[in-house]
Amino acid sequence: MSAERVAQLEYSEFQAAMLDEEKRRRKAAKIVAVLGHFLGREEDVLAGLTVADIGCSAGFIADELAAAGASRTFGVDIDVPGLRKAAQRFGERVEFVCADGTALPFPDGSIDVLVFNHIYEHVVDPDAIMAEMRRVLSADGVLYLGLGNRLGVMEPHYKLPFLSYLPPAAADRYVRLFGRADSYYERYRTRRGLRKMVRGLRVWDYTFPVLATPAAFAGDELFGGVAGRVAGGVLSRLPRPVLRALLPVVPTYLWVATRGERRPAGRSLPQPPEPVRPL
């Protein structure tokens, strides 16, 4: 990791996607659906639970977590402009906190559900944040992880193929050449690197369950229209060994992690969740 990297402050001010309310709420619906399946709940998925969205920015996902029944919802970020917007709109049912993920302002074991969705690539020390999330997660708690893969062909922020494959200096030149940014800040990891990042947790992989049955997980952002239905149908019937062979280059992993021995409690799926072995 480059030594000169510093925290990305005011991220919502230069990354317009963070203010795309419709898209953020679609992502939230998928997150809630995955959590609902793991918890075995189809309604009021988060009822009675204390929930925190780490890296909440403008608060759309945190607001949806509160709407899913959480008894108490926190949104945590260092993005002050984003937090200000979030508090103005959703402050009545979400408590927004300006805090670094490496020093979460919660007691040990106090959070029932944590959401860490497509954040790790933006932060200076994702391993330190993972350690903090393990600390604050309750013994029976659940951590949702949306994780980009370095070997995904199309880089999702700048829409440039193979960008995340490159070393930092070459990636900087690439984004400048196409006028996307002055430098490439994000740092992705491969699946192997992500498995190391979740060391100390028990992890279930929901990537293929969501891809194969998008309707069950509010997954319209992944597959839409006729082509999406065809793709989902194909994936739902592929032998699991074939799908496992694709894992190293899947663009995004959707994982649910716990400290304890919990297993998915939802209904049977054509492609069920499988355990991930941390390294």
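This is a predicted model, so every value here is computed, not measured. (Residues numbered from 1 in each chain as written. Predicted model: local features only at pLDDT ≥ 70, side-chain atom pairs only at ≥ 80, totals over all residues. Heavy atoms only, no water.)

> Would you mind showing me how to read the layout of surface pockets here?
Think of a ball as big as a water molecule: rolled over the atoms, this probe shows where empty space is left. Its volume calculated, the second largest pocket comes out at about 290 Å³. As for the second largest pocket, its lining consists of 17 residues, and the residues nearest its centre are Arg 150, Glu 186, Arg 187, Tyr 188 and Arg 189. Of the residues belonging to the lining of the second largest pocket, the class tally is 10 nonpolar, three polar and four charged. (1 Å grid on protein atoms, 1.4 Å probe; cavity = no way out; pocket = protein on both sides within 12 Å on 5 of 7 lines; lining within 4 Å. Points joined across faces, edges and corners; volume = space filled by probe spheres on them. Nonpolar A, V, L, I, M, F, W, Y, C, P; charged D, E, K, R; others polar.)

> How should I be thinking about helix H4 (residues 80-90) in this particular structure?
Within an α-helix, residues lying three or four positions from one another point in the same direction, as the helix has 3.6 residues per turn. For H4, the set of buried residues is Pro 81, Gly 82, Leu 83, Ala 86 and Phe 90. Its side-chain oxygen 3.1 Å from the backbone nitrogen of Gly 82, Asp 79 forms the N-cap of H4. (Buried < 20%, exposed > 50% of the residue type's maximum accessible area, 1.4 Å probe, protein only. Helix = DSSP H or I, 4+ residues; strand = E, 2+ residues; numbered from the N terminus. Polar contact = N/O pair within 3.5 Å; in protein donor to acceptor, adjacent residues only side chain to side chain.)

> How should I be thinking about the pattern of salt bridges in this particular structure?
Any two side chains of opposite charge can pair, on the condition that their charged atoms come close. In total, this model carries 15 salt bridges according to the counting rule given. One salt bridge connects Arg 191 with Asp 205, and the closest N-O pair in it is separated by 3.3 Å. Of this pair, Arg 191 sits in helix H7 (residues 191-197) while Asp 205 sits in strand S6 (residues 202-205), and the two are 14 residues apart along the sequence. Pair check on accessibility: Arg 191 and Asp 205 agree, each one buried. Note that Glu 274 is salt-bridged to Arg 244, the shortest N-O span being 2.5 Å. Taken together, the residues span a long stretch of sequence, with Glu 274 in strand S8 (residues 274-276) and Arg 244 in helix H10 (residues 240-246) at a distance of 30 residues. (Salt bridge = Lys/Arg side-chain N within 4 Å of Asp/Glu carboxyl O.)

> Just to check I follow, could you spell out the packing of aromatic side chains for this structure?
Aromatic ring pairs are reported here in terms of the distance separating the ring centres and the angle at which the planes meet. A complete count under the given rule lists eight aromatic pairs for this structure. Residues Tyr 120 and Tyr 188 carry aromatic rings whose centres are separated by 6.2 Å and whose planes lie at 85 degrees to one another, so their mutual orientation is edge-to-face. Highlighted residues: Tyr 120 in the loop between strand S4 (111-117) and helix H5 (126-136) and Tyr 188 in the loop between helix H6 (168-177) and H7, separated in sequence by 68 residues. The pair formed by Tyr 120 and Tyr 188 is uniform in burial state, with each residue classed as buried. Ring centres 5.7 Å apart and planes at 70 degrees place the aromatic pair Tyr 158 and Tyr 184 in the edge-to-face group. (Phe/Tyr/Trp six-rings, centres within 6.5 Å; stacked < 30°, edge-to-face > 60°.)

> Just to check I follow, could you spell out the environment of Ala 66 for this structure?
Position of Ala 66 among the secondary structure elements: in helix H3 (residues 60-67). Judged by its relative accessible area of 12%, Ala 66 is buried. Sequence separation between Ala 66 and Gly 146 is 80 residues; the distance between their C-alpha atoms is 19 Å.

> Just to check I follow, could you spell out a positive patch on the surface for this structure?
Residues Arg 192, Lys 196, Arg 199 and Arg 277 make up a contiguous surface patch of positive charge. Inspection of the secondary structure puts Lys 196 in helix H7. (Patch = residues over 30% accessible without salt bridge, like charges linked within 9 Å, V, L, I, M, F, W, Y side chains within 5 Å. Areas by Shrake-Rupley, 256 points an atom, 1.4 Å probe, with all protein chains shown as cover. Lys, Arg positive; Asp, Glu negative; His and termini not counted. Charge placed at Lys NZ, Arg CZ, Asp CG, Glu CD.)

> Which parts of the structure should I look at to understand the nonpolar core?
A general feature of soluble globular proteins is that nonpolar side chains tend to end up buried together. Formed by 45 residues in total, the largest nonpolar core has its most connected members in Leu 114, Phe 116, Met 133, Leu 143, Leu 145 and Trp 255. Residues in contact with Leu 145, not counting those within four places in the same chain, are Phe 116, Met 130, Val 198, Tyr 253, Leu 254, Trp 255 and Ala 257. With 26 residues, the next largest nonpolar core counts Val 115, Val 142, Tyr 144 and Tyr 206 among its residues. (Core = buried A, V, L, I, M, F, W, Y, C linked by side-chain atoms within 4.5 Å. Contact = heavy atoms within 4.5 Å.)

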